[in-house]
4 protein chains.
Amino acid sequence: MKLKVGILGATGLTGAELVRLLLRHPQTEIVWLSSETQYGSAYEKIYPAFSGRLPASARMLTNMQAAHGTVPDAVFSCLPHGASAPAVKPFLANGKTRVIDLSSDFRLSDEAVYGLSEIHRERIAKAKLTANPGCYPTSVLLPLIPLLKAGLIRKEGIIADSKSGVSGAGRKATEGTHFVFVNENFSAYKVGDQHRHLPEMRAQLGAAGGAPSDLLFTPHLVPMERGILSTIYADLMPLKTVADAEACWNKAYAGSPFVRAVSDFPQTADVARSNECRFHAYQPTGTSKLIVVSALDNMVKGASGQALQNLNIMFGLDEALALA
Amino acid sequence: MKLKVGILGATGLTGAELVRLLLRHPQTEIVWLSSETQYGSAYEKIYPAFSGRLPASARMLTNMQAAHGTVPDAVFSCLPHGASAPAVKPFLANGKTRVIDLSSDFRLSDEAVYGLSEIHRERIAKAKLTANPGCYPTSVLLPLIPLLKAGLIRKEGIIADSKSGVSGAGRKATEGTHFVFVNENFSAYKVGDQHRHLPEMRAQLGAAGGAPSDLLFTPHLVPMERGILSTIYADLMPLKTVADAEACWNKAYAGSPFVRAVSDFPQTADVARSNECRFHAYQPTGTSKLIVVSALDNMVKGASGQALQNLNIMFGLDEALALA
Amino acid sequence: MKLKVGILGATGLTGAELVRLLLRHPQTEIVWLSSETQYGSAYEKIYPAFSGRLPASARMLTNMQAAHGTVPDAVFSCLPHGASAPAVKPFLANGKTRVIDLSSDFRLSDEAVYGLSEIHRERIAKAKLTANPGCYPTSVLLPLIPLLKAGLIRKEGIIADSKSGVSGAGRKATEGTHFVFVNENFSAYKVGDQHRHLPEMRAQLGAAGGAPSDLLFTPHLVPMERGILSTIYADLMPLKTVADAEACWNKAYAGSPFVRAVSDFPQTADVARSNECRFHAYQPTGTSKLIVVSALDNMVKGASGQALQNLNIMFGLDEALALA
Amino acid sequence: MKLKVGILGATGLTGAELVRLLLRHPQTEIVWLSSETQYGSAYEKIYPAFSGRLPASARMLTNMQAAHGTVPDAVFSCLPHGASAPAVKPFLANGKTRVIDLSSDFRLSDEAVYGLSEIHRERIAKAKLTANPGCYPTSVLLPLIPLLKAGLIRKEGIIADSKSGVSGAGRKATEGTHFVFVNENFSAYKVGDQHRHLPEMRAQLGAAGGAPSDLLFTPHLVPMERGILSTIYADLMPLKTVADAEACWNKAYAGSPFVRAVSDFPQTADVARSNECRFHAYQPTGTSKLIVVSALDNMVKGASGQALQNLNIMFGLDEALALA
């Protein structure tokens, strides 16, 4: 029997990406779609790409109460930060539904398991509430956590210089997403220590390395739809080399189909529309610096793909189902 | 002494383009900027490209009354359709100020001269109110009017299939201007007879050809910032050829620095940021069809550049001043 | 047992798209990849997106002889026009292999069945050699053929104004594919009657309408990777309306999962990465014109997707296998 | 009397940008254009944007000998690295012509003055041969040199993470400039210490700070035509703050119209098509890190604009002539 799944905030970009992925998933059935801003609209009108492809069960609800009156096996919340926590509470309270929250509302909370699939797989499997990681943190944490755990890099002085496509800003039309202001433009924002993804990065790196981290993080906006590339600068511990880092990653991710050290610097197009996170490291000649370039699709491994991977893990399915 | 110039709706995209052009103009002085949506903001904050480049006189007013209390030599209105007519009326009434209106409010009205510079130059020179043409009409009318006047093409059955960059949609953030929905997408809209630029095209073609026109017009949205390319299908009159069309254009535009038949199909990048409209025609073998491809920059010859050209004409300056 | 499939010209853009689609196909096995320009290279080096995803059988051959020494069930040729015919001849001669040729080498030839899947399904099913249609012709023919067959539109005076993404120009680096010359640019090329796709369009329309066609066709280049949108102008026969056209399409494509008249003008993003061709028509008020807007992904329904659809048809598989 | 100017390598992207700028320059006259790859072509055919805008004097030569037979006041070389040095030698030998070389051939040589205009203005004024800086170095050196000279930042541990539009790769068509591989893609290349611009950066920083530098530099490719944004991480010296850096820049660049610390992080679009380099710094709370974001147009201040600025300086003209 298929898992019954509901989606809160289904009309946003991560909601649409999730619908796209779920349509290929043989073990789930969308039982409703919900949208704070477009209650009752036909989903196919909002996203014509789905025209003729949605099952009858994937109807848009007319209000949140209609969602709260149901007891699906799983609920994904693609609602904005702040709106998500109150909306998922009734599901957490019904004693049956398990929740995967794509907002940042629970990422620093003890109530939830942090859903970085490859790092917390065992705890996710048992989680009632999974806090799906941010897109930037996923790209930064996956390469760094094994290195810190293995003591290969210093925990101080790490710099993550990240670049993201525009879909990370969501579906709301603003000057920051206006074609004329984004196209033929490249910009930094929330420089250094100002982005809301930084606390979750620091918390997870701290947990991996045994001490609070002074990580710096500068996000940038790239004139493209999707993709994140993070260029990470760290210091190798004495006598450690880039070869040690590669060996560490190969071991850490041996059983993980979506995370991989590759033999050359990955580009965002290499992983577009896939659930992979790829990285490659370089040690400049005569230095003890380790420069890691990490790439993923912010809408997939950085959001909806990892959310579905977490659902697979939570319900004992093949982790790669509908994602390979 | 320099002409004193005010700009209504200065914070929109055509307003900013006009400011950019006026900064190069040696015979004008911006005396105020006005904005319905951002009264009192620093213009440099809205458009950082102008940081450090605006003269002190180019201050943003805090309300429309402040504008109406002045008597500049010229006012450009870059306000939206509907808002422009009431805003320019007080200037028209003061007996001194001459107005160039970039909205569609006066394009079909006897109150104004239609500001297609090369076609109505003499009347524009004397105009108190010039209705600056739409971007699409400029690209379609400039090649067609001389052909119709010369009787080289049939006035029936003309089809204009036009393609425009996104800046034509203005500065307002909507789903239609959201990077994620525009990039990697191409679409038609207001197909056939539904676009608000069609009446002014039909009126002008009618005036040139002696009869109402059944022109069809389909605009499309191109994932780029600026540029319009119109592909126009017409029928040559018996015994007329593409060579006749070229000779006609060469004669009609002999003294016009910005309008020209060129020797190959123009591309939008050829005329980007210039005030030129270029076109080239082809007659498919064995047919009496004339296919004209016309290109211009929708923000310059399609809007603010032509507006400045009209100011030059209205005040007896070199038509190409600040535009070549 | 799986069908053994070889790909000639596998390193071009249509080759890569075909590999992407075949990786999802449960009834085929790639037995070799071949490339005139990169014999012996590792396919994953050329297209890192496939890194770790190709089965061992999908090895690049070191020369054409190695391909000709095998007898696969099917060979796809993604070779350029002119190079394809000689390369597929040995397979046609071996008495077993069936060939799907994506070049234009056989599209006007009696040797092959024209592979417009929905129109020639029965003949494709028995074909030994299928000539896969061009991308532009697919977008133009699918809406027009049923209308001509049903006598709803005049066969004279049809104009197809088409716009394509850059992938249609292939993988070869030229000025015409250089980012700096393509981005922020829109252009027409091979205007009116000069494009090599026109003869196959005229041949197929002629076959559908009973008379040679005087179709005009103007292709344009859009600054995006993939997608074709064709805006088609035709004349309705007396008393016929847009409603008749819609009814005609609904009937003609009732059993076809990938071709559909939709309720609003399709955009290229609606069908990106899908095998669908969607269209919608409009009849301008007071006219007998029919304006059809047709959209497809030039790399999928316009090339590799339709090629795979044809393989499914030729081997009696579900037509939509690996394509839905 | 106007300066007679020749351009070697005029058909490349920097050559075309230089032609564009020179057309506005009242004190120069292009006396010839030269191109290794397209000798004798009409420049207007290669760059249709210039159609009808070039003076008769700006003819393309038919061979290098024709250039070497002339004695212009100034020669710009836009030739590739390696080809430039031998081509400019005859001009340097004629005793009259002064040369501005945009290649890297002389940037580390005692024969030439390094043409970072604001830093070496006095020496450039007297130079017979100016080595125009690389685009990346200009964006990194302008903010860093005053800080190093003033002892505000540590000379060790500086990291420059730079991002450039595609025009930096030049006009040659390669896979790296193919629209399909650049669009919707972001990538790092020549990571850490591998880019050929690094030696000139290290040399200039060394000269400013009194010691060899261990600068790390990672360039990235952005899917846009033009613009460079460099995100620079440095360590403030004890007790120094971001306010000291700003004061230092204001003083250092007080008389420089094109270089400026601005009040917010600059974006590449802010300086597109201008000769400006803008930067802004931030000190993350509780740290002694200084993060500088620097923006310029790689084709203007990063290449042809700075070259023209250097010509103005060399010939005693207003530094900003044709550039403001």
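Let us look at the structure shown here. No experiment lies behind these values; they were computed from the predicted model shown. (Residues numbered from 1 in each chain as written. Chains lettered and ligands numbered in written order. Predicted model: local features only at pLDDT ≥ 70, side-chain atom pairs only at ≥ 80, totals over all residues. Heavy atoms only, no water.)

What follows covers the overall build of chain A. Looking only at helices and strands, chain A features ten helices and 13 strands. The C-alpha atoms of chain A give a radius of gyration of 19 Å, which matches the 20 Å a tight globule of 324 residues would have. The principal-axis extent of the C-alpha atoms belonging to chain A is close to 60 × 45 × 30 Å. When the 324 residues of chain A are sorted by exposure, 63% land in the buried category. Considering only intrachain contacts with a sequence separation of at least 6, the fraction spanning at least 24 residues in chain A is 73%. Accessible area of chain A: about 11,100 Å², with a carbon and sulfur share of 53%. (Helix = DSSP H or I, 4+ residues; strand = E, 2+ residues; numbered from the N terminus. Rg over C-alpha atoms; globule rule 2.2 N^0.38 Å. Buried < 20%, exposed > 50% of the residue type's maximum accessible area, 1.4 Å probe, protein only. Contact = heavy atoms within 4.5 Å. Areas by Shrake-Rupley, 256 points an atom, 1.4 Å probe, with all protein chains shown as cover.)

You can overlay chain D on chain A at an RMSD of 0.0 Å; the transform is a turn of 180° with a shift of 0.0 Å along its axis. Considering both components of the superposition, the chain copies are consistent with a two-fold axis. (Least-squares fit on C-alpha atoms with pLDDT ≥ 70 in both.)

With that settled, the discussion passes to the interface of chain D and chain C. Chain D puts 20 residues into the contact, and the matching count from chain C is 20 residues. Its largest share of buried area at the contact with chain C, chain D owes to His178(D), Phe179(D) and Val180(D), together 40% of the area lost on that side. At the junction of chain D with chain C, the criterion picks out two salt bridges. A salt bridge links Glu175(D) to Arg171(C), with the nearest nitrogen and oxygen atoms 2.7 Å apart. Inspection of the region where chain D meets chain C yields six residue pairs in polar contact (both at pLDDT 80 or more). Sort the elements by how many residues they give to the side of chain D that touches chain C and helix H7 (residues 179-182) of chain D lands first, with four residues. A class-by-class count of the residues in the side of chain D that touches chain C yields ten nonpolar, six polar and four charged. (Buried area = accessible area lost by both parts, 1.4 Å probe. Salt bridge = Lys/Arg side-chain N within 4 Å of Asp/Glu carboxyl O. Polar contact = N/O pair within 3.5 Å; in protein donor to acceptor, adjacent residues only side chain to side chain. Nonpolar A, V, L, I, M, F, W, Y, C, P; charged D, E, K, R; others polar.)

The next subject is the nonpolar core. By size, the foremost hydrophobic cluster in this structure holds 88 residues, and its most contacted members are Ile7(A), Leu33(A), Tyr43(A), Phe76(A), Leu33(B), Tyr43(B) and Phe76(B). For Phe76(B), the contacting residues outside a window of four places in its chain are Val5(B), Gly6(B), Ile7(B), Leu8(B), Leu18(B), Leu22(B), Ile100(B), Leu102(B), Ala307(B), Leu308(B) and Leu311(B). (Core = buried A, V, L, I, M, F, W, Y, C linked by side-chain atoms within 4.5 Å.)

Each side of the interface is counted separately: chain D has 34 residues, and chain A has 34 residues. Both sides together, the interface formed by chain D and chain A hides about 3,000 Å², and carbon and sulfur atoms give 62% of it. Three residues stand out in chain D for area buried against chain A, namely Glu184(D), Phe186(D) and Tyr233(D), and they jointly supply 21% of the buried area on that side. Inspection of the chain D/chain A interface yields two salt bridges. Note that Lys163(D) and Asp161(A) form a salt bridge whose closest N and O atoms lie 3.0 Å from each other. In this assembly, chain D and chain A are joined by 26 residue pairs in polar contact (both at pLDDT 80 or more). A total of four residues in the side of chain D that touches chain A trace back to one element, the largest contributor, which is strand S7 (residues 159-164) of chain D. Across the side of chain D that touches chain A, the residue classes break down as 17 nonpolar, ten polar and seven charged.

This paragraph deals with the pattern of salt bridges. Pairs may arise between side chains of opposite charge once their charged atoms sit close together. Evaluated as defined, the whole model comprises 68 salt bridges over all chains. Residue Arg260(D) is joined to Glu276(D) by a salt bridge in which the shortest nitrogen-to-oxygen separation is 3.1 Å. Taken together, the residues span a long stretch of sequence, with Arg260(D) in strand S11 (residues 259-261) and Glu276(D) in the loop between S11 and strand S12 (277-282) at a distance of 16 residues. Ionic contacts of the salt-bridge type, sharing partners, join the residues Glu17(A), Arg20(A), Glu225(A), Arg226(A), Arg273(A) and Asp297(A) into one network.

This next bit is on the side chain of Lys301(D). Among the secondary structure elements, Lys301(D) is positioned in helix H10 (residues 300-314). Discounting chain neighbours no more than four positions away, the residues touching Lys301(D) are Ser117(D), Glu118(D), Thr138(D), Leu142(D), Val259(D), Ser274(D), Asn275(D), Glu276(D), Cys277(D), Leu296(D), Gln306(D) and Gln309(D).

Hydrogen bonds between backbone groups are what pair the strands of a sheet, and the pairing can be parallel or antiparallel. All names here are of chain A. The strand order across the open sheet formed by six strands is S2-S1-S3-S4-S6-S5, and the pairing between neighbours is parallel. Each edge of the open sheet carries a strand with a single partner, namely strand S2 (28-34) and strand S5 (113-114). Pairing of strand S4 (residues 98-101) with strand S6 (residues 129-131), which is carried by three bridges, proceeds in the parallel orientation. Its bridge partner being in S6, Ile100 is matched across the sheet by Thr130. Sitting on the sheet, helix H4 (residues 84-93) touches strand S1 (3-8), S2, strand S3 (74-77), S4 and S6, and the angle it makes with S4 is about 165°. (Pairing = 2+ DSSP bridges. Axes fitted to C-alpha atoms, helices over the stretch in contact; angles between N-to-C directions.)

Moving on, we get to the side chain of Asn185(C). Following the sequence through the fold, Asn185(C) ends up in the loop between helix H7 (179-182) and strand S8 (187-188). Of the residues examined, Asn185(C) reaches a relative accessible area of 5% and is grouped as buried. Of the polar contacts made by the side chain of Asn185(C), one reaches the side chain of Thr268(B); its length is 3.3 Å. Here the side chain of Asn185(C) touches Phe181(C) through a polar contact of 3.1 Å, landing on its backbone oxygen. Apart from residues no more than four positions distant in its own chain, Asn185(C) is found in contact with Met224(B), Gln267(B), Thr268(B), Ala269(B), Leu221(C) and Pro223(C).

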